[in-house]
Amino acid sequence: YKPEELKEASGQRLLGTIPNIGPLIREQLDGVSTISVDGKQLASSLVAEVRPQSAAAEAFRHVRTNIQFSTSDVLLETLLVTSPGAGDGKTVTASNLAIVMAQAGRRTLLVDGDLRRPRLHDLFDLDRAPGLAELLASDADVPGSNIQKTPIENLQVLSAGASVDRPAERLSSAQLRTLLRRLKE
(Lines give C-alpha, C1' and ligand atoms only; values in the text may rest on other atoms or scores of the structure.)
Protein backbone atom coordinates (compact mmCIF):
# COMPACT_ATOMS: atom_id res chain seq x y z
CA TYR A 1 0.00 0.00 0.00
CA LYS A 2 0.96 3.58 -0.60
CA PRO A 3 0.39 6.06 2.26
CA GLU A 4 -2.57 7.67 0.49
CA GLU A 5 -4.17 4.26 -0.09
CA LEU A 6 -3.80 3.33 3.58
CA LYS A 7 -5.35 6.59 4.68
CA GLU A 8 -8.28 6.15 2.31
CA ALA A 9 -8.81 2.46 3.16
CA SER A 10 -8.61 2.91 6.93
CA GLY A 11 -10.21 6.32 7.30
CA GLN A 12 -7.49 7.15 9.81
CA ARG A 13 -5.18 10.13 9.95
CA LEU A 14 -1.70 9.41 8.59
CA LEU A 15 0.99 10.46 11.08
CA GLY A 16 3.88 10.00 8.66
CA THR A 17 5.88 7.55 6.66
CA ILE A 18 9.31 6.13 7.42
CA PRO A 19 11.65 5.31 4.55
CA ASN A 20 13.35 1.92 4.29
CA ILE A 21 16.53 2.25 6.38
CA GLY A 22 18.26 -0.70 4.73
CA PRO A 23 19.86 1.40 1.97
CA LEU A 24 21.03 3.99 4.53
CA ILE A 25 22.75 1.26 6.56
CA ARG A 26 24.35 -0.23 3.44
CA GLU A 27 25.46 3.05 1.85
CA GLN A 28 26.26 5.38 4.76
CA LEU A 29 27.25 2.86 7.42
CA ASP A 30 29.02 0.31 5.20
CA GLY A 31 26.41 -2.30 6.13
CA VAL A 32 27.63 -2.69 9.72
CA SER A 33 25.07 -4.00 12.19
CA THR A 34 26.35 -2.05 15.22
CA ILE A 35 28.05 1.24 16.01
CA SER A 36 29.87 2.09 19.25
CA VAL A 37 28.26 4.91 21.24
CA ASP A 38 29.61 5.65 24.73
CA GLY A 39 30.98 2.12 25.08
CA LYS A 40 27.72 0.45 24.00
CA GLN A 41 27.22 -1.26 20.66
CA LEU A 42 24.01 0.31 19.34
CA ALA A 43 22.29 -1.28 16.38
CA SER A 44 22.82 0.66 13.16
CA SER A 45 19.03 0.57 12.69
CA LEU A 46 18.76 3.16 15.47
CA VAL A 47 19.14 5.87 12.85
CA ALA A 48 17.69 8.63 15.03
CA GLU A 49 20.84 8.32 17.16
CA VAL A 50 23.54 7.04 14.82
CA ARG A 51 22.55 9.19 11.78
CA PRO A 52 20.45 12.05 13.22
CA GLN A 53 20.71 14.14 10.03
CA SER A 54 19.38 11.36 7.79
CA ALA A 55 16.01 11.47 6.05
CA ALA A 56 14.89 8.49 8.13
CA ALA A 57 15.72 10.26 11.42
CA GLU A 58 13.86 13.33 10.20
CA ALA A 59 10.87 11.13 9.33
CA PHE A 60 10.80 9.79 12.90
CA ARG A 61 10.92 13.38 14.23
CA HIS A 62 8.03 14.25 11.90
CA VAL A 63 5.97 11.34 13.27
CA ARG A 64 6.88 12.39 16.84
CA THR A 65 5.61 15.90 16.19
CA ASN A 66 2.40 14.62 14.63
CA ILE A 67 1.85 12.30 17.60
CA GLN A 68 2.37 15.17 20.03
CA PHE A 69 -0.13 17.36 18.21
CA SER A 70 -2.63 14.61 17.36
CA THR A 71 -4.67 15.49 20.44
CA SER A 72 -4.95 19.10 21.46
CA ASP A 73 -6.39 18.58 24.92
CA VAL A 74 -4.42 15.56 26.21
CA LEU A 75 -0.70 15.00 26.65
CA LEU A 76 -0.01 11.51 25.32
CA GLU A 77 2.10 9.60 27.80
CA THR A 78 1.86 6.05 26.49
CA LEU A 79 2.24 4.72 22.96
CA LEU A 80 1.85 1.15 21.75
CA VAL A 81 3.61 0.07 18.57
CA THR A 82 2.24 -3.15 17.13
CA SER A 83 1.60 -5.00 13.87
CA PRO A 84 0.15 -8.32 12.79
CA GLY A 85 3.38 -10.07 11.85
CA ALA A 86 6.89 -10.86 12.91
CA GLY A 87 9.57 -8.84 11.16
CA ASP A 88 7.31 -5.87 10.42
CA GLY A 89 9.65 -3.41 12.16
CA LYS A 90 7.88 -2.87 15.48
CA THR A 91 11.06 -2.88 17.58
CA VAL A 92 13.02 -0.59 15.27
CA THR A 93 10.07 1.78 14.91
CA ALA A 94 9.37 1.93 18.64
CA SER A 95 13.08 2.37 19.40
CA ASN A 96 13.57 5.24 16.97
CA LEU A 97 10.38 6.94 18.17
CA ALA A 98 11.60 6.62 21.75
CA ILE A 99 14.96 8.10 20.77
CA VAL A 100 13.43 11.16 19.12
CA MET A 101 11.08 11.63 22.10
CA ALA A 102 14.09 11.55 24.43
CA GLN A 103 16.07 13.88 22.17
CA ALA A 104 13.20 16.36 22.46
CA GLY A 105 13.76 16.43 26.21
CA ARG A 106 10.98 14.05 27.27
CA ARG A 107 11.86 11.45 29.87
CA THR A 108 11.20 8.25 27.97
CA LEU A 109 10.91 4.63 29.02
CA LEU A 110 10.91 2.08 26.20
CA VAL A 111 9.34 -1.24 27.24
CA ASP A 112 9.90 -4.47 25.30
CA GLY A 113 6.55 -6.22 25.43
CA ASP A 114 7.56 -8.92 22.96
CA LEU A 115 7.90 -11.80 25.39
CA ARG A 116 8.18 -14.35 22.55
CA ARG A 117 11.00 -12.91 20.44
CA PRO A 118 12.45 -9.91 22.26
CA ARG A 119 15.09 -7.85 20.45
CA LEU A 120 15.14 -4.51 22.22
CA HIS A 121 18.00 -5.49 24.53
CA ASP A 122 20.11 -6.42 21.50
CA LEU A 123 19.51 -3.07 19.75
CA PHE A 124 20.76 -1.15 22.79
CA ASP A 125 23.44 -3.65 23.97
CA LEU A 126 21.63 -4.28 27.27
CA ASP A 127 20.85 -7.27 29.46
CA ARG A 128 17.70 -9.18 28.56
CA ALA A 129 16.90 -9.93 32.20
CA PRO A 130 15.76 -8.90 34.66
CA GLY A 131 13.00 -7.14 32.80
CA LEU A 132 9.27 -7.02 32.20
CA ALA A 133 8.71 -10.75 32.72
CA GLU A 134 10.29 -10.62 36.17
CA LEU A 135 8.22 -7.58 37.14
CA LEU A 136 5.02 -9.29 36.04
CA ALA A 137 5.95 -12.37 38.08
CA SER A 138 6.63 -10.38 41.27
CA ASP A 139 4.86 -7.91 43.49
CA ALA A 140 7.73 -5.44 43.45
CA ASP A 141 6.56 -1.92 44.23
CA VAL A 142 9.59 -0.27 42.64
CA PRO A 143 10.44 -1.50 39.14
CA GLY A 144 13.57 0.69 39.01
CA SER A 145 16.09 -2.12 39.40
CA ASN A 146 14.88 -3.67 36.15
CA ILE A 147 15.14 -0.44 34.17
CA GLN A 148 18.40 0.06 32.28
CA LYS A 149 20.08 3.24 31.13
CA THR A 150 21.06 3.82 27.53
CA PRO A 151 23.76 6.15 26.19
CA ILE A 152 20.93 8.42 25.03
CA GLU A 153 19.98 11.17 27.47
CA ASN A 154 16.39 10.85 28.79
CA LEU A 155 15.98 7.30 27.44
CA GLN A 156 15.76 4.19 29.57
CA VAL A 157 14.75 0.66 28.63
CA LEU A 158 12.79 -2.08 30.34
CA SER A 159 13.80 -5.20 28.43
CA ALA A 160 11.51 -8.22 28.05
CA GLY A 161 13.24 -10.35 30.65
CA ALA A 162 13.57 -14.12 30.78
CA SER A 163 11.46 -16.42 28.61
CA VAL A 164 8.03 -17.17 30.03
CA ASP A 165 5.23 -19.64 29.39
CA ARG A 166 1.98 -18.19 28.00
CA PRO A 167 3.25 -14.67 27.25
CA ALA A 168 -0.15 -13.50 25.95
CA GLU A 169 -1.74 -14.19 29.33
CA ARG A 170 1.02 -12.23 31.08
CA LEU A 171 0.49 -9.23 28.81
CA SER A 172 -3.27 -9.22 29.36
CA SER A 173 -2.94 -9.46 33.13
CA ALA A 174 -3.97 -7.00 35.82
CA GLN A 175 -0.29 -6.95 36.86
CA LEU A 176 0.65 -5.30 33.55
CA ARG A 177 -1.98 -2.58 33.95
CA THR A 178 -0.77 -1.93 37.50
CA LEU A 179 2.86 -1.90 36.37
CA LEU A 180 2.15 0.56 33.55
CA ARG A 181 0.39 2.86 36.02
CA ARG A 182 3.41 2.73 38.37
CA LEU A 183 5.84 3.36 35.53
CA LYS A 184 3.88 6.43 34.40
CA GLU A 185 4.14 7.86 37.92
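Relevant structure appears above.
Residues numbered from 1 in each chain as written. Predicted model: local features only at pLDDT ≥ 70, side-chain atom pairs only at ≥ 80, totals over all residues. Heavy atoms only, no water.

(A) Here's a closer look at the nonpolar core. Counting residues in hydrophobic clusters, the biggest one holds 31 residues, and the most contacted among them are Leu46, Ile99, Leu110, Phe124, Ile152 and Leu155. Beyond its immediate stretch of four places on either side in the chain, Ile152 contacts Leu42, Glu49, Ile99, Ala102 and Phe124. (Core = buried A, V, L, I, M, F, W, Y, C linked by side-chain atoms within 4.5 Å. Buried < 20%, exposed > 50% of the residue type's maximum accessible area, 1.4 Å probe, protein only. Contact = heavy atoms within 4.5 Å.)

(B) The pairing of strand β1 (residues 34–37), seen in detail. By the bridge criterion, 4 bridges tie β1 to strand β2 (residues 40–43) in an arrangement that is antiparallel. Each bridged residue has a counterpart across the sheet, and for Val37 the counterpart in β2 is Lys40. Following β1, the chain reverses through 2 residues before pairing antiparallel with β2; Asp38 in that reversal takes a positive phi of roughly 50°. (Pairing = 2+ DSSP bridges. Helix = DSSP H or I, 4+ residues; strand = E, 2+ residues; numbered from the N terminus.)

(C) Up close: helix α5 (residues 90–103). Its 14 residues place the ends of α5 20 Å apart at the C-alpha level, agreeing with the 20 Å of an ideal helix rising 1.5 Å per residue. Within α5, 11 of the 14 residues are buried, which leaves the element mostly enclosed by the surrounding structure. Considered for burial, the residues of α5 that qualify are Thr91, Val92, Ala94, Ser95, Asn96, Leu97, Ala98, Ile99, Val100, Met101 and Ala102. On its buried side, α5 packs onto α3 (47–50), α4 (55–68), β3 (108–111), α6 (120–123) and β5 (155–158). One or two residues past the end of α5 sits Gly105, with phi positive at roughly 95°. (Expected span 1.5 Å × (residues − 1).)

(D) Spatial organisation of the pattern of salt bridges. Per the stated rule, a full pass over the model turns up 2 salt bridges. Where Glu77 meets Lys184, a salt bridge forms, and the shortest distance between an N and an O atom there is 3.9 Å. Here Lys184 lies in helix α9 (residues 174–184) and Glu77 lies in the loop between α4 and α5, a separation of 107 residues in the sequence. For the pair Glu77 and Lys184, a shared accessibility class is recorded, and that class is exposed. (Salt bridge = Lys/Arg side-chain N within 4 Å of Asp/Glu carboxyl O.)

(E) Region of the structure containing unusual backbone geometry. The peptide bond linking Ala129 to Pro130 adopts the cis configuration, its omega dihedral lying at 0°. Take Pro130: it is sitting in the loop between α6 and α7 (132–137). Residues other than glycine seldom take positive phi values, yet Asp30 does so here, at roughly 55°. Take Asp30: it is sitting in the loop between α2 (22–28) and β1. By relative accessible area, Asp30 is classed as exposed at 66%. Phi angles above zero are rare outside glycine, and Asp125 is one such case at about 55°. You can see Asp125 is positioned in the loop between α6 and α7.

(F) Representation of the environment of Pro118. Structurally, Pro118 is set in the loop between β3 and α6. Residues Pro118 and Thr150, spaced 32 residues apart in sequence, show a C-alpha to C-alpha distance of 17 Å. Ignoring sequence-local partners within four residues, the contact set of Pro118 consists of Asp112, Arg128 and Ala160.

(G) Main features of the sheet that holds β5. The strand order β3-β5-β4 describes an open sheet built from 3 strands, whose pairing is mixed. The open sheet has two edge strands, β3 and β4 (147–149), and neither has a second partner. Strand-to-strand twist of the sheet, defined as the mean angle between neighbouring strand axes without regard to direction, takes the value 30°. Across 4 bridges, β3 lies against β5 in parallel orientation. (Axes fitted to C-alpha atoms, helices over the stretch in contact; angles between N-to-C directions.)

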